[in-house]
Amino acid sequence: MVLIVFLSSALTVFAAYNFINYLQLNSYSLFKTIKNYLLKHAVEAVGVFVLSLIFLTANLFISETALKVALYIFFCVFTRSAISSRNRIKKRTAKTPLVFTNRIKRLYAVLSVFCTAVFFAAYFILRRIDDYIIFAYIFSACNMLAYAISAAIIKPFERLNNRRYIKKAVKKLDGFERLFRIGITGSYGKTSVKNILYKMLSKKYKTVATDKNYNTPLGIVKTLQKIDGATEIFIVEMGARRKGEIRELCGMVKPHCGVITGITNQHTETFKTLDNVIATKSELYFGRQEGGVCFFNGDDENIIGLPLLNNDDAVVVTTGLRSDGGGATARRAYARAESVVTTTGGCSFILSFGQNFPRRNKLINGDLGDGGQAEGAAFSPTDNSAVSIAVSTRLIGRASVTNISVAAAVAYYLGVSAEEIKQAIEELEPTAHRTEVIRSGDMTIIDDAYNCNPVGAASAIDVLKLFGGRKLVVTCGFAEQGKNLAAENARLGGLIAEAADAVILIGRGGKYIKDGLLERGFAEQSVYEYPSLSEAKKHFPEIFASGDVILFENDMPDNAE
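Being a predicted model, the structure only gives us computed values, none of them experimental.

Trainee: How should the overall build of the chain be read in this particular structure?
Mentor: Each helix and strand counted, the chain has 20 helices and 17 strands in total. For the chain, with 561 residues in total, the buried portion stands at 52%. Sequence-distant contacts in the chain: of pairs separated by 6 or more residues, those separated by 24 or more amount to 70%. With the model as given, the accessible surface of the chain reaches about 24,700 Å², and the carbon-plus-sulfur share is 57%.

In C-alpha cells, the structure reads:
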C-alpha cells in the first residue's frame with residue numbers, strides 16, 4: 001500500500017513539468033500561469049479529467065482489489081504517456097524550457113512533500129484501498145490545484161528570499177563608491193541601446209552591462225558577480241510591467257544617468273493605459289541621483305510632448321527621421337543623425353553631437369588616465385564643442401539609426417571620443433532575432449522575432465520594403481496589449497499590406513491582423529492562417545519560393561497563445 005501512495009505522489013509530481021514551466025515563464029504569477037496554461041493545454045487538462053471519470057466509473061464495477069490497483073497504475077502511466085506523446089507530435093515543447101534554478105528545485109520539493117502528505121492522509125483517513133483509489137482518481141482530475149497550492153505555499157518564503165538577495169546586492173553596489181551607474185528603460189530598444197552603449201563605453205572605460213535581456217531586480221543581482229573594484233561604469237537595463245517597478249530598480253541601482261529609449265503601448269495588459277506606461281518610464285528620470293542627466297529619444301511621439309523635456313537635465317537625441325523633422329525637439333537636440341541612407345546591407349549617416357549641452361569628458365570619481373583624483377561619482381564639464389562624423393554600420397533599419405544615435409550621445413557626453421564612437425559603430429554586429437538578415441539558400445530571412453511592439457514592427461516592415469522580389473510576412477501579432485489588442489494588430493495588418501505580397505498569420509491574434517489587411521485591399525487568397533507555428537511550418541515548402549524575402553515578426557512568447 002505504501003508503494004501505491006508513493007507512486008501516486010511521484011506521478012503527480014512528474015506531470016507538473018509543463019505547469020511549472022509556465023509558472024517560471026510568467027514570473028511566478030499564479031493567476032497568469034493558470035490562464036495561459038489552460039489556454040495552451042486545455043485539451044490535456046480536459047483529457048485527464050475525462051479519463052479520470054471513465055477509469056473511476058470502471059473501478060466501481062470491479063470487485064477485485066488487485067485488479068483495481070492494476071487499473072489505477074495503468075491509468076497513471078497511460079495518461080502521462082499520452083500527454084507526453086501528444087506534446088511530441090504537436091511539438092508543444094516550450095521555446096524556453098524549464099530552467100532548474102534553486103527556486104524551481106524548492107518548488108518541486110514542496111510539491112513532493114505536499115502530494116505525499118495528502119495521499120498518506122487520504123489513506124489513513126479512508127483506510128480501505130478501494131476508497132483510497134477512488135480518492136486518487138479524483139485527485140488526478142484536479143492535480144493542477146495541487147500545483148497551484150504548492151506554489152502558493154512557497155511564495156512568501158521566495159519573496160523573503162528575493163528581498164535578502166536584493167538587500168545584499170544593494171549593499172554590494174553601495175560599496176563601489178567610484179562606480180558610475182547608467183539606467184536604461186523604455187517600451188522598446190532597451191537591449192539594443194544597452195549593447196551598443198556597452199560597445200562604445202568599453203573603448204575608454206572598464207564597463208559592465210546586465211546580461212542578455214535581464215532587466216529585473218534578480219537579473220541585476222546575477223550581473224553583480226562581474227563587478228569588481230576596477231569597474232568604472234555599470235549599465236543596467238530596467239524593465240517593468242507595472243507602475244512603481246522602475247522606481248524600485250532605481251532605489252536599488254541609484255543611477256547617475258538615465259536613458260529612455262521610447263514609449264509605446266507595450267504591456268498594456270498590465271499597465272492598462274498609455275499614461276501609466278509614460279509615468280512608469282519617467283520614474284527613471286525622477287529616480288536618478290542628484291546632478292545626473294537623462295537622455296530621451298526625441299523621435300518618439302510619446303516622448304516629445306513630455307513637460308520634463310524642458311528641464312535643464314533632460315538631454316534630447318533625434319535622428320530627424322520623423323515626418324515633421326522633429327520640430328523644436330530637433331532644434332535643441334544634443335545629438336542628431338542626418339543624411340540617413342538605409343540599404344539592405346546596413347545604414348550610413350552623419351552623426352553630430354555635443355550641441356546644446358556641456359560635454360563631460362572625464363569621470364571625477366578616480367584616476368581614469370588624466371592623473372586627477374576626486375571623490376564622488378560625477379562628471380566634470382569641459383567644453384560645449386559640436387562634432388560631426390560620417391558613420392556606417394551593418395545594422396539595418398530606422399530603429400538601428402535611432403539606437404546608435406542615442407547610445408553615441410551618451411558615450412560622447414561621458415568622454416568617449418568621436419573617433420572611438422565611429423570605430424565602435426563600424427564594429428557592431430547584428431543582434432540575433434532583432435531585424436537580423438539571414439541568407440538561406442536563395443531566400444532572404446529577416447528575423448525580427450524578439451521585437452514585440454508596434455514601433456519595432458513598423459521599423460522591420462520598412463526594412464522589408466528595401467528588398468526586391470516577392471515579400472512575405474510570418475507573424476502572430478502583438479500579445480499583452482490588453483484592450484488595445486484588436487486595434488494594434490489591425491494597425492499592424494495595415495502596415496503589412498503596404499509591403500508584403502503574402503502573409504502567414506499564426507494564432508488567435510491573426511484574425512485582427514487579417515481585418516487590417518483586408519481593410520487596405522489586401523488579396524484574401526494571399527493570407528494563410530494557422531493555429532500554431534509548428535502547423536504553419538508544415539506548409540512553408542508549398543508557400544515559399546525561390547528568391548522570396550521573408551520577415552518573421554513577433555515570435556509568439558511561450559506564456560501566451
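So, next bit.
Trainee: What exactly am I supposed to notice about the sheet that holds strand 16 (residues 527-530) here?
Mentor: Backbone-to-backbone hydrogen bonds pair the strands of a sheet. The strands run either parallel or antiparallel. Strand order in the open sheet formed by 6 strands is 12-13-17-14-15-16, and the pairing between neighbours is mixed. Each edge of the sheet is formed by a strand with only one pairing partner; in this case those strands are strand 12 (436-440) and strand 16. Adjacent strand axes in the sheet meet at a mean angle of 15° when their direction is disregarded. Relative to strand 13 (residues 443-448), strand 12 is paired through 5 bridges, and the arrangement is antiparallel. For V437, the partnering residue across the bridge sits in strand 13 and is I446. Sheet contacts for helix 16 (residues 454-465): strand 13, strand 14 (471-475) and strand 17 (549-553); angle to strand 17, the most-contacted strand, approximately 175°.

Trainee: What's the story with empty space enclosed by the protein in this structure? I'm lost.
Mentor: Rolled over the atoms, a probe as big as a water molecule pinpoints where empty space is left. Scanning all chains against the criterion turns up 2 cavities of 30 Å³ or more. If you add up the space inside the largest cavity, you get close to 70 Å³. The wall of the largest cavity is formed by L23, Y28, L30, R103, L107, A151, I154 and K155. Going through the elements one at a time, helix 5 (102-126) and helix 7 (143-175) are the ones with two or more residues in the lining of the largest cavity. With 3 residues, helix 7 is the largest single contributor of residues to the lining of the largest cavity. Split into classes, the residues belonging to the lining of the largest cavity amount to 6 nonpolar, no polar and 2 charged. For the second largest cavity, the calculated volume is near 30 Å³. If you trace the second largest cavity, you find it lined by F19, I20, L23, L107, L111, Y147, S150 and A151.

Trainee: Teacher, can you tell me more about the nonpolar core here?
Mentor: Across soluble globular proteins, nonpolar side chains show a tendency to be buried alongside one another. The biggest cluster of nonpolar side chains holds 45 residues, and the ones touching the most others in it are I182, L197, M200, L201, F295, F353 and I421. With 37 residues, the next largest nonpolar core counts L23, L107, A122 and A148 among its residues.

Trainee: Got a minute to help me understand helix 17 (residues 485-497) in this structure?
Mentor: Since the α-helix packs 3.6 residues into each turn, any two residues three or four apart lie on the same face. The terminal C-alpha atoms of helix 17 lie 18 Å apart, and with 13 residues this matches the ideal 18 Å at 1.5 Å per residue to within 8%. By the burial criterion, the buried members of helix 17 are E488, N489, L492, G493, G494 and I496. Looking at the buried positions of helix 17, the neighbouring elements they touch are helix 16, strand 14, strand 15 (502-506) and helix 18 (510-519).

Trainee: Can you walk me through the packing of aromatic side chains in this structure?
Mentor: Centre-to-centre distance and the angle between the planes together describe a pair of aromatic rings. One pass over the structure, following the stated rule, counts 20 aromatic pairs. Centroid distance F6 to F120: 5.4 Å. Interplanar angle 80°. Geometry classified as edge-to-face. Placement of F6 in helix 1 (residues 2-14) and of F120 in helix 5 is noted, with a sequence separation of 114 residues between them. One aromatic cluster is present, formed by F6, F119, F120, Y123, F124, Y132, F135 and F139 through successive ring pairs. The lysine or arginine in question, R103, covers the ring of Y28, its NZ or CZ lying 3.7 Å from the ring centre.

Trainee: I tried to follow the sheet that holds strand 1 (residues 180-185) on my own but got confused; where do I start?
Mentor: Taking strand neighbours across the sheet as the criterion, the 9 strands line up as 2-3-1-4-5-6-7-8-11 in an open arrangement whose pairing is mixed. Of all the strands in the sheet, the pair left with one neighbour each is strand 2 (207-209) and strand 11 (387-393). In this sheet, adjacent strand axes meet at a mean angle of 20° when their direction is disregarded. Across 4 bridges, the pairing between strand 4 (residues 257-260) and strand 5 (residues 293-297) is parallel.

Trainee: Please explain the side chain of E553 as it appears in this structure.
Mentor: By the element assignment, E553 lies in strand 17. For the buried E553, which has no salt bridge, the nearest side chain bearing the opposite charge is R434, at an N-O separation of 10 Å.

Trainee: Explain the pattern of salt bridges here, please?
Mentor: Applying the stated criterion to the full structure yields 23 salt bridges. In this structure, K199 and E427 form a salt bridge, with 3.6 Å as the shortest nitrogen-oxygen distance. In this pair, K199 sits in helix 8 (residues 190-201) while E427 sits in helix 15 (residues 418-427), placing the two residues 228 residues apart along the sequence. The class for K199 is partly exposed, based on a relative accessible area of 31%. According to the relative accessible area criterion, E427 is partly exposed, its value standing at 30%. Salt-bridge contacts for E427 lead to K203; the nearest nitrogen and oxygen are separated by 2.9 Å. Within this pair, whereas E427 is found in helix 15, its partner K203 is found in the loop between helix 8 and strand 2, the two being separated by 224 residues in sequence. When salt bridges that share partners are traced, they join R398, D462, K465, E498 and R520 into one network.

Trainee: Sorry if this is basic, but what is going on with the packing of helix 8 against helix 14 (residues 398-413) here?
Mentor: The angle between the axes and the distance between the axes are what describe a pair of packed helices. Running from N to C, helix 8 and helix 14 cross one another at 40°; their axes reach a closest spacing of 9 Å. The angle between helix 8 and helix 14 places the two elements in the oblique class. In terms of crossing hand, the pair formed by helix 8 and helix 14 is right-handed. For the pair helix 8 and helix 14, contact is made by S192, V193, I196, L197, M200 and L201 and by N403, I404, V406, A407, A408, V410 and A411, respectively. Considered class by class, the residues forming the contact of helix 8 with helix 14 number 11 nonpolar, 2 polar and no charged.

Trainee: Even after reading the chapter, I still don't get the pairing of strand 7 (residues 335-343), so can you show me in this structure?
Mentor: Remark: a regular strand shows side chains that alternate across the two faces of the sheet. Here strand 6 (residues 314-318) runs beside strand 7; their pairing, made up of 2 bridges, is parallel. Within strand 7, the residue paired with V317 across the bridge is A335. With 7 bridges connecting them, strand 7 and strand 8 (residues 346-353) associate as antiparallel partners. Bridged to A335 within strand 8 is F353. Hairpin connection between strand 7 and strand 8: a loop of 2 residues separates the two successive antiparallel strands.

Trainee: How do you make sense of unusual backbone geometry when you look at a structure like this?
Mentor: Positive phi values are uncommon outside glycine, yet K272 reaches one of about 75°. Along the chain, the position of K272 falls in the loop between helix 11 (268-271) and helix 12 (274-286). Residue class for K272 comes out exposed when judged on its relative accessible area of 53%. Look at S339: it is not a glycine, yet its phi comes out positive at around 50°. Inspection of the secondary structure puts S339 in strand 7. A relative accessible area of 57% places S339 in the exposed class.

Procedures and definitions
- Residues numbered from 1 in each chain as written.
- Predicted model: local features only at pLDDT ≥ 70, side-chain atom pairs only at ≥ 80, totals over all residues.
- Heavy atoms only, no water.
- Helix = DSSP H or I, 4+ residues; strand = E, 2+ residues; numbered from the N terminus.
- Buried < 20%, exposed > 50% of the residue type's maximum accessible area, 1.4 Å probe, protein only.
- Contact = heavy atoms within 4.5 Å.
- Areas by Shrake-Rupley, 256 points an atom, 1.4 Å probe, with all protein chains shown as cover.
- Pairing = 2+ DSSP bridges.
- Axes fitted to C-alpha atoms, helices over the stretch in contact; angles between N-to-C directions.
- 1 Å grid on protein atoms, 1.4 Å probe; cavity = no way out; pocket = protein on both sides within 12 Å on 5 of 7 lines; lining within 4 Å.
- Points joined across faces, edges and corners; volume = space filled by probe spheres on them.
- Nonpolar A, V, L, I, M, F, W, Y, C, P; charged D, E, K, R; others polar.
- Core = buried A, V, L, I, M, F, W, Y, C linked by side-chain atoms within 4.5 Å.
- Expected span 1.5 Å × (residues − 1).
- Phe/Tyr/Trp six-rings, centres within 6.5 Å; stacked < 30°, edge-to-face > 60°.
- Lys NZ or Arg CZ within 6 Å of the ring centre and 35° of its normal.
- Lys, Arg positive; Asp, Glu negative; His and termini not counted.
- Salt bridge = Lys/Arg side-chain N within 4 Å of Asp/Glu carboxyl O.
- Parallel < 35°, antiparallel > 145°, perpendicular 65-115°, else oblique.
- Left-handed = near helix turned anticlockwise from the far one by under 90°.

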